[in-house]
Amino acid sequence: MAKTNPGRFFEDYSLGQVIEHAVPRTVGAGERALYHALYPARHALYSSDEFARASGLPQSPLDDLAAFHVVFGKTVPDVSLNAVANLGYAEGRWLKPVYAGDTLRSTSEVIGLKQNSNGKTGVVYVRTRGMNQRDEVVMEYVRWVMVRKRDADAPAPEAVVPELSKVIDPADLVIPEGLDFTGYDFSQAGESHRWGDYEIGETIDHVDGVTLEEAEHMMATRLWQNTAKVHFDATFRPDGQRLIYGGHIISLARALSFNGLANAQMIVGLNGGAHANPAFSGLTVKAWSEVLDKAETSAPGVGAIRLRLVATKGGEPFALKGEDGKYLPEVLLDLDYWALMPM
């Protein structure tokens with residue numbers, strides 16, 4: 001009997017199936033240093049223990065997206081090892097900060113299945129939860145993945161597409177215990193713009209760009225223990241290129257958004273997201289944002305701001321879709337999220 005794992009194919013999933021993912025991972029300060037080495041990440045709450053303590057937290061947490069990558073990476077061997085592409089996200093919430101010394105593990109439930117019309121692939125919907133060593137859920141999200149079939153003649157399952165919320169209600173956002181922005185130091189944070197300075201409908205060109213390097217995206221994928229073949233194996237795709245992990249683009253775009261949104265300190269909700277077009281090394285990633293909504297919170301001095309973050313490989317900022325309603329070819333990422341900002 002084969003002892004190696006070829007990964008799951010579309011016909012290996014069943015509705016309601018629960019998958020406990022290997023391998024638990026203890027995170028340390030090194031994760032933060034590596035994350036900041038890979039991306040120009042500069043948000044003060046994740047850079048300085050002293051800034052975090054002045055904001056009511058015991059120390060600087062692991063970056064919200066770094067925690068996401070660790071939780072996500074655990075799921076890849078069971079969910080997307082044979083994926084063609086990761087298609088989208090919804091209903092993501094960060095429920096507890098992750099600190100150095102925490103041990104994270106992941107579990108996923110299959111909540112939807114739909115075979116594609118070509119009969120060669122299907123879409124798998126999973127709800128993933130990341131837990132710490134105390135079995136506390138630190139984050140949860142839904143994602144859907146296009147997965148190859150092992151046997152094109154295998155019968156299609158009954159199509160079930162879950163109904164997912166398009167937007168997380170601000171009342172359902174979880175504010176970290178103790179977070180207090182009443183004494184917020186705007187000088188140390190890098191910008192003076194506060195929650196009240198942003199208007200719904202406002203767009204922000206983040207100006208800067210980062211050219212994707214083969215070495216950096218491969219280091220990031222290894223760091224998060226993401227073993228998807230499309231990211232590692234140049235022989236897996238007909239064009240001989242390694243597809244860049246979508247999370248790498250998310251983190252680059254988020255880091256670029258510092259220029260104009262330096263005080264959008266913590267991501268606490270992921271309303272939706274789409275990897276609109278594939279990315280490969282050599283491309284230069286730029287980003288722009290649109291303010292979609294704002295809400296007050298119960299935490300002192302803390303407001304919530306809903307942002308659309310768009311990563312592109314060129315072209316004019318603020319262009320997203322064509323007249324046919326499809327993403328323009330230069331758009332790489334369309335991410336809709338809630339962040340916390342001083343009022």
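Shown above is the structure to which this text applies.
The rules behind each value
Residues numbered from 1 in each chain as written. Predicted model: local features only at pLDDT ≥ 70, side-chain atom pairs only at ≥ 80, totals over all residues. Heavy atoms only, no water. Buried < 20%, exposed > 50% of the residue type's maximum accessible area, 1.4 Å probe, protein only. Helix = DSSP H or I, 4+ residues; strand = E, 2+ residues; numbered from the N terminus. Arc of directions from axis to C-beta. Contact = heavy atoms within 4.5 Å. 1 Å grid on protein atoms, 1.4 Å probe; cavity = no way out; pocket = protein on both sides within 12 Å on 5 of 7 lines; lining within 4 Å. Points joined across faces, edges and corners; volume = space filled by probe spheres on them. Nonpolar A, V, L, I, M, F, W, Y, C, P; charged D, E, K, R; others polar. Phe/Tyr/Trp six-rings, centres within 6.5 Å; stacked < 30°, edge-to-face > 60°. Lys NZ or Arg CZ within 6 Å of the ring centre and 35° of its normal.

Asks: I'm lost on helix 1 (residues 29-38) in this one. Help?
Replies: The α-helix winds at 3.6 residues per turn, so residues separated by three or four positions along the chain end up facing the same way. Among all positions in helix 1, only Glu31, Arg32, Tyr35 and Leu38 are buried. The buried residues of helix 1 occupy an angular sector of 130° when the element is viewed end-on, so they sit on one face. For helix 1, exposure combined with an orientation more than 90 degrees from the buried face picks out Ala29, Ala33 and Ala37. Residues of helix 1 that are buried make contact with strand 2 (25-26), helix 2 (49-54), helix 3 (64-79), helix 5 (214-223) and helix 7 (246-256).

Asks: Even after reading the chapter, I still don't get empty space enclosed by the protein, so can you show me in this structure?
Replies: A water-sized probe rolled over the atoms picks out the places where empty space is left. Considering all chains together, one arrives at three cavities of 30 Å³ or more under this definition. If you add up the space inside the largest cavity, you get close to 150 Å³. What lines the largest cavity is a set of 18 residues, among which Tyr46, Trp94, Lys96, Pro97 and Met266 lie closest to the centre. Of all the secondary structure elements, the ones that give two or more residues to the lining of the largest cavity are helix 3 and strand 8 (266-275). Looking at which element gives the most residues to the lining of the largest cavity, the answer is strand 8, with three residues. A breakdown of the residues in the lining of the largest cavity according to their chemical character gives 15 nonpolar, no polar and three charged. When its volume is computed, the second largest cavity comes out at roughly 70 Å³. Forming the boundary of the second largest cavity are Tyr35, Ala41, Arg42, His43, Tyr46, Asp63, Asp64, Leu65, Arg254 and Ala255. Secondary-structure elements contributing two or more residues to the lining of the second largest cavity are helix 3 and helix 7. Among the residues forming the lining of the second largest cavity, the class breakdown is five nonpolar, one polar and four charged.

Asks: Hey, could you run me through the packing of aromatic side chains in this one?
Replies: Each aromatic ring pair is summarised here by two numbers: the centre-to-centre distance and the angle between the ring planes. A full pass over the atoms with the stated rule returns 12 aromatic pairs. Note on Tyr35 and Tyr39: the rings are 4.9 Å apart at their centroids and 55° apart in plane angle, and the pair reads as tilted. Looking at Tyr39, the relative accessible area reads 2%, which means it is buried. Here the aromatic residues Phe68, Phe72, Tyr89, Trp94, Tyr141 and Tyr245 are joined through ring pairs into a cluster of three or more. A cation sits over an aromatic face here: Lys294 above Trp195, 4.3 Å from the ring centre. When the ring centre of Tyr327 is taken as reference, the NZ or CZ atom of Lys321 above it lies at 4.8 Å.

Asks: How should I be thinking about the environment of Lys321 in this particular structure?
Replies: The topology assignment puts Lys321 in the loop between strand 10 (302-312) and strand 11 (331-342). With a relative accessible area of 43%, Lys321 lands in the partly exposed category. Residues Lys321 and Val331 lie 10 residues apart in sequence; the distance between their C-alpha atoms is 8.4 Å. Setting aside residues no more than four positions away along its own chain, Lys321 makes contact with Lys326, Tyr327 and Leu328.

Asks: Looking at this structure, I do not really get helix 5. What am I missing?
Replies: Looking only at helix 5, the buried set comprises His217, Met218, Ala220, Thr221 and Leu223. The inward-facing, buried residues of helix 5 contact strand 2, helix 1, helix 6 (229-232) and helix 7. Downstream of helix 5 by a residue or two, Gln225 has a phi angle that is positive, lying close to 55°.

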